[in-house]
Amino acid sequence: KKLTAARQIPPQIFDLLRSFPRGGTPMEALRTAVSALSFYDPDEAAVDHDSNVRKAYSLTAQLAMLVAAFDRIRKGKSPVQPDPSLPHAANFLWMLHGEKPIPAAARTMDIALILHADHELNASTFAARVIAGTMADMHSAITGAIGALKGPLHGGANEAVMKMLFAIAQEGGDPVEYVKSLLAQKKKVFGFGHRVYRTEDPRATHLRAMSEQLSRDSGNTRWYDMSRQIEKFVKEEKKLNANVDFYSASTYTTLGIDIDLFTPIFALSRVSGWAAHVIEQLDDN
């Protein structure tokens, strides 16, 4: 109910989104729009607990709206208003595509957002806490976190995975031979290994299953099949497990989501954890 009530964006922010260059990236649009939202927050400078919790609800709802709205605006379409009858993940797909998602798609998006939510002190979370540590406001901290996530050494790995799959398909080649060529050139194969998880990333287990199910339901298993071949080869050859990024690529593509929205979706999931860290930091700095 609180998220539903928080699904409001000032019209000036939509005007701002329309003013951005068409070549601007969704991450740039998201970073700038979140910063601009602070102008319209009634407690912009407040850093007390209750104000921060309210801001956390607002930003969690608003980030999903901003990503969907900018994607539609850049395609010459009008933003879709949220549907109060839909929960958070289903609402994002509704606002993005302009049609009610089927239950399987909504459930997949919901699980994906849970799996991508912040769960460790990574670069963007650390950036948010450093900013909050100066007694800066919630919007400043979340804007900084988005800036950190924008860097290719933090966000963007699932985008790279999908670009690789598209390249293989365009060349009409064999996925395993393509990866062998990358390794021979000492190039990175994105979507494998993790600094913390030495066994399989538990998030990848769920995303693999969702990618397979969605692919079969849609009648197009191409991206899943290619991913599975690559995963088996890399595990045998390099002893590396797939991480959260690897199967989220084919999952999001099957949901009809453009590649350059993958990292912004990471942000609209991570905002829950970022905000929790900021609240904790400002409660007892």
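First things first, this report covers the structure right here in the doc. Being a predicted model, the structure only gives us computed values, none of them experimental.

### Some thoughts on the overall build of the protein chain
Secondary structure summary: the protein chain contains 14 helices and 0 strands in total. Element order for the protein chain, N to C, with α for helix and β for strand: α-α-α-α-α-α-α-α-α-α-α-α-α-α. Along the three orthogonal principal directions, the C-alpha set of the protein chain runs to about 55 × 40 × 35 Å. Counting across all 285 residues of the protein chain, residues that qualify as buried make up 54%. Here the protein chain has roughly 13,100 Å² of accessible surface; of this, 54% comes from carbon and sulfur atoms. Counting 33 positive and 32 negative side-chain charges, the protein chain places the centres of these two groups 4 Å from one another.

### Describing empty space enclosed by the protein
Inspection of every chain in the model, using the stated rule, returns 2 cavities of 30 Å³ or more. The volume enclosed by the largest cavity comes to roughly 50 Å³. In terms of lining residues, the largest cavity is bounded by Phe14, Met65, Ala68, Ala69, Pro79, Val80 and Met95. When residues of the lining of the largest cavity are assigned to their parent elements, the largest contribution, 3 residues, is made by helix H4 (residues 49–74). Tallied by class, the residues present in the lining of the largest cavity amount to 7 nonpolar, no polar and no charged. In this structure, the second largest cavity is lined by Leu17, Arg18, Phe20, Pro21, Arg22, Phe70, Ile73 and Arg74. Elements supplying a minimum of two residues to the lining of the second largest cavity: helix H2 (11–19) and H4. Residue contributions to the lining of the second largest cavity peak at 3 residues, all from H4. By residue class, the composition of the lining of the second largest cavity is 5 nonpolar, no polar and 3 charged.

### What about the layout of surface pockets?
By volume, the second largest pocket amounts to about 240 Å³. Elements that contribute at least two residues to the lining of the second largest pocket include exactly helix H5 (88–97), helix H6 (103–116) and helix H11 (202–218). When residues in the lining of the second largest pocket are grouped by element, the largest group, 3 residues, is from H11. Residues of the lining of the second largest pocket, tallied by class, amount to 7 nonpolar, 3 polar and 3 charged.

### Focus on the environment of Ala6
With respect to the secondary-structure elements, Ala6 resides in helix H1 (residues 2–6). Judged by its relative accessible area of 11%, Ala6 is buried. Counting along the chain gives 246 residues from Ala6 to Tyr252, while the straight-line C-alpha distance between them is 25 Å. If near-sequence neighbours (up to four positions away) are discounted, Ala6 is found in contact with Tyr57, Ser58, Ala61 and Gln62.

### Considering the pattern of salt bridges
Tallying each qualifying case throughout the model produces 15 salt bridges. A salt bridge links Glu177 to Lys180; the nearest nitrogen and oxygen atoms lie 3.5 Å apart. Placement of the pair is Glu177 and Lys180 together in helix H10 (residues 175–184), with a separation of 3 residues, close to one helical turn. Several salt bridges converge on common partners, so that one network encompasses Asp71, Arg74, Lys75, Asp258 and Asp260.

The rules behind the values
- Residues numbered from 1 in each chain as written.
- Predicted model: local features only at pLDDT ≥ 70, side-chain atom pairs only at ≥ 80, totals over all residues.
- Heavy atoms only, no water.
- Helix = DSSP H or I, 4+ residues; strand = E, 2+ residues; numbered from the N terminus.
- Buried < 20%, exposed > 50% of the residue type's maximum accessible area, 1.4 Å probe, protein only.
- Areas by Shrake-Rupley, 256 points an atom, 1.4 Å probe, with all protein chains shown as cover.
- Lys, Arg positive; Asp, Glu negative; His and termini not counted.
- Charge placed at Lys NZ, Arg CZ, Asp CG, Glu CD.
- 1 Å grid on protein atoms, 1.4 Å probe; cavity = no way out; pocket = protein on both sides within 12 Å on 5 of 7 lines; lining within 4 Å.
- Points joined across faces, edges and corners; volume = space filled by probe spheres on them.
- Nonpolar A, V, L, I, M, F, W, Y, C, P; charged D, E, K, R; others polar.
- Contact = heavy atoms within 4.5 Å.
- Salt bridge = Lys/Arg side-chain N within 4 Å of Asp/Glu carboxyl O.

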